Amino acid sequence: MKSLGTGLLLLLFASSPAIALPPDSIGHIQTLKGTASIQRGDRNLRPSVGAAVFCGDLVRTGKDGAMGIVLTDDTTLSLGPDSRLVLKEYAFDPKEGKFALVARLFKGTFVYLSGLIGKLAPSSIRMEIPDATIAVRGTKLLISVGE
Amino acid sequence: MKTVTSCLPAAVLMLSLLAGCSPKHLVILVPDPDLKVGKAEVTTAGGTQLLEKPGDMTTVSSGSSPPSPVIQADPAFIAATFADALAIEPLPSATFILYFPTGSTNLTPESASRIADILDAVLRRPAISVRISGHCDAVGSYQLNDRLARDRAWAIRNLLVQKGVNPDIITVTSHGKGNPLVPTVDGVAEPRNRRVEVIVR
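Rules and cut-offs
Residues numbered from 1 in each chain as written. Chains lettered and ligands numbered in written order. Predicted model: local features only at pLDDT ≥ 70, side-chain atom pairs only at ≥ 80, totals over all residues. Helix = DSSP H or I, 4+ residues; strand = E, 2+ residues; numbered from the N terminus. Buried ≥ 20, exposed ≤ 12 C-beta atoms within 10 Å, placed from the backbone. Contact = placed C-beta atoms within 7 Å. Domains from an automatic or database assignment. Core = buried A, V, L, I, M, F, W, Y, C linked by C-beta atoms within 7 Å. Nonpolar A, V, L, I, M, F, W, Y, C, P; charged D, E, K, R; others polar. Pairing = 2+ DSSP bridges. pLDDT = per-residue confidence, 0-100.

Trainee: What's the story with the overall build of chain B in this structure? I'm lost.
Mentor: For chain B, the count of helices and strands is six helices and nine strands. Looking at the 201 residues of chain B, the share that counts as buried comes to 41%. Long-range contacts, defined here as pairs at least 24 residues apart, represent 62% of the contacts in chain B between residues at least 6 apart.

Trainee: When you look at the domain arrangement of chain B in this model, what are you seeing that I'm missing?
Mentor: When the parts of a complex come together, some accessible area is lost, and that lost area is often taken as the interface size. Assigned domains of chain B: these are domain 1 (10-87) and domain 2 (94-200). Computed over C-alpha atoms, the centres of domain 1 of chain B and domain 2 of chain B are 39 Å apart.

Trainee: Explain the nonpolar core to me, please; I cannot follow it from the model alone.
Mentor: One recurring pattern in soluble globular proteins is that nonpolar side chains are buried together. By size, the foremost hydrophobic cluster in this structure holds 55 residues, and its most contacted members are A:Phe110, A:Tyr112, A:Leu141, A:Ile143, B:Val27 and B:Ile28. Ignoring anything within four residues of it in the chain, the contact list for A:Ile143 reads A:Leu105, A:Phe110, A:Tyr112, A:Met127, A:Ile129 and B:Val27. Formed by 25 residues, the second largest nonpolar core is a distinct cluster that contains B:Val122, B:Ala127, B:Cys136 and B:Leu160.

Trainee: Would you take a moment to explain the interface of chain B and chain A for this structure?
Mentor: With 55 residues of chain B at the interface, the matching set in chain A holds 57 residues. Going through the elements one at a time, β1 (25-30), β2 (40-44), α2 (75-81), α3 (83-87), α5 (115-124) and β8 (170-174) of chain B are the ones with two or more residues in the side of chain B that touches chain A. Classifying every residue of the side of chain B that touches chain A gives 25 nonpolar, 17 polar and 13 charged. Pairing of strand β11 (residues 132-136) of chain A with β2(B), which is carried by four bridges, proceeds in the antiparallel orientation. By the bridge assignment for β2(B), A:Thr133 is matched with B:Thr43.

Trainee: Would you mind showing me how to read the confidence of the model for chain B here?
Mentor: When pLDDT is low, close inspection of the predicted coordinates is not appropriate. Residue and element names in this part refer to chain B. When pLDDT is averaged along chain B, the result is 89, and 90% of the positions lie at 70 or above. The model gives residues 1-9 a pLDDT under 50, and that stretch makes 17 contacts with residues more than four places away or in other chains. Considering only residues more than four positions removed or in separate chains, one finds that residues 15-20, a stretch of pLDDT under 50, has two contacts. Two numbers describe this predicted complex: its pTM, 0.85, and its ipTM, 0.87.

In structure tokens:
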């Protein structure tokens, strides 16, 4: 691999599906299968691998859908089929000591794996489900939310 | 209120299901990729339940009743219920830590030789995100350290772009002295904290 010429490297990198991540994004979509949508304000967007996610995004997967999201602190949130969540609060600013991660899980199946916020400020992480809240002190959780 | 952890057999859960208090939601604590297990507290208006061992599961049937006593989740049940969510889970990131001499934005010789490994990881994945964060030790003012950490991160960013990495997938941040690898009191020089972390996804 290391012996590949720079020209080939450029070509390979150029073919990656990524788009430039805006500075205020809180993460990106890493994996995607089947139908899914992101509601951002009053816009309904079709997600793609590499696309940015923002605070307040309502993320849905269809009956054949699934999605893996990576936040900027390396937290991963994965959604199974027919699932819905909102990224409610997020702050990752170690320099200023500001941390928050609050997601509301409305319905579906989820896998949570903690990132740096889990190491630096575990008490700032909360998953909200319709009848309960989950204080996450690390590191990996499976959550199923019924209707 | 904390309920004492108990290991009810699955049959008891089945009985409670048949009795009509059907759980709507469930939370299971599992080991992470490093086989470490954290903790989670599930709280309703009726009470709190603590998950602390691998496979610990509690269920929630209403907001007013407490979460169920903890039982061990059946691996077959986990596999069936979470098959799709687990299959779509992003692979672990490749993380690289590069070190710098005091006050410098030039890599130590050992770290300079790791740039090739980073390029290799970006190429192999193929990466859609490269996060670069700059860090420093606790010597010097907040402002000085923030600038130094940022300059270190940008030096690595420019190096990777020069070697062909798509700048659109790179994000650069400074953690100043706020995220030390080795915590120290303020003012202490610690070579392991003078670093840039590169996370390739």
